[in-house]
Amino acid sequence: MTMPLTLEWTLVTEGQEERVEDQNNLFKMSIDGYRLYPIQDQIEIRRHKDSDQIGFGRIIELTWRDNRTFCIYQLDSLYSVN
C-alpha cells in the first residue's frame, strides 16, 4: 500500500491557523493530505499559495493522521499584521 506524500518548503496557512493557548508565537493548523516540512528550519509562511510572504517560522511538531497533516509552528518574524 502506498502513501501519497508531498514535500513542502513553504507553509501556506489559508487563514486556518489557531494560536496555541499560553504560548508565545505558537500556532497550530491542519492541512489535507500527508505533507512533510523541514523540522526546526526556518521556512516561509504565506497566507495563500500565490500571496506575498507574511513572515518566517519553524515547524515544531508534525503529526499525520487520517489523510491530514497536523502541525505546530513558531512564528519567528512577521512582515505585516494585515
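Here, every reference points to the structure presented above.
As the structure is a prediction and not an experimental result, all values here were calculated from the model.

Participant: Tell me about the side chain of Thr13, and name the residues and values.
Facilitator: Structurally, the position occupied by Thr13 is in the loop between β2 (10–12) and β3 (18–19). Owing to a relative accessible area of 1%, Thr13 belongs among the buried residues under this scheme. With sequence-adjacent residues up to four places away left out, Thr13 is seen in contact with Met29, Ile45, Arg46, Arg47 and Tyr73.

Participant: Pulling in residues and values, what's your account of the sheet that holds β3?
Facilitator: Ordered in space as β2-β6-β7-β8-β4-β3, the six strands form an open sheet in which the pairing is mixed. Two strands bound the open sheet, and with one partner strand each, they are β2 and β3. Pairing of strand β7 (residues 53–65) with strand β8 (residues 68–78) involves 10 bridges; the strand directions are antiparallel. Residue pairing across strands places Ile59 opposite Tyr73, the latter belonging to β8.

Participant: Lay out the nonpolar core with the relevant residues and their values.
Facilitator: Of all hydrophobic cores here, the largest spans 12 residues; its members are Leu11, Phe27, Met29, Ile31, Tyr37, Ile43, Ile45, Ile54, Ile59, Cys71, Tyr73 and Leu75. When residues of this core are traced back to their parent elements, those giving at least two are β4 (26–32), β6 (42–46), β7 and β8. Contacts of Ile59, omitting those with residues within four sequence positions, involve Leu11, Tyr37, Pro38, Ile39, Gln40, Asp41, Ile43, Cys71, Ile72 and Tyr73.

Participant: Describe the pairing of β7, naming the residues involved and giving the relevant values.
Facilitator: In this structure, β6 lies alongside β7, joined through five bridges in antiparallel fashion. Residue pairing for β7: Gln42 is matched across the bridge by Arg58. In textbook terms, the turn of a hairpin is the stretch between consecutive antiparallel strands, and for β6 and β7 this stretch comprises six residues. Linkage of β7 to β8, two consecutive antiparallel strands, is achieved through a turn of two residues, within which Asp66 is found at a positive phi near 50°.

Participant: Would you mind going over the environment of Arg47 in detail, with residue names and values included?
Facilitator: Note on placement: Arg47 falls in the loop between β6 and β7. The partly exposed category is assigned to Arg47, whose relative accessible area is 27%. In the structure, Arg47 is positioned 34 residues away from Thr13 in sequence and 5.1 Å away in space, judged by C-alpha atoms. With residues up to four places along the chain from it excluded, the contact list for Arg47 reads Val12, Thr13, Glu14, Gly15, Glu17 and Ile54. A polar contact is formed between the side chain of Arg47 and the side chain of Glu17, at a distance of 2.4 Å.

Criteria and cut-off values
Residues numbered from 1 in each chain as written. Predicted model: local features only at pLDDT ≥ 70, side-chain atom pairs only at ≥ 80, totals over all residues. Heavy atoms only, no water. Helix = DSSP H or I, 4+ residues; strand = E, 2+ residues; numbered from the N terminus. Buried < 20%, exposed > 50% of the residue type's maximum accessible area, 1.4 Å probe, protein only. Contact = heavy atoms within 4.5 Å. Pairing = 2+ DSSP bridges. Core = buried A, V, L, I, M, F, W, Y, C linked by side-chain atoms within 4.5 Å. Polar contact = N/O pair within 3.5 Å; in protein donor to acceptor, adjacent residues only side chain to side chain.

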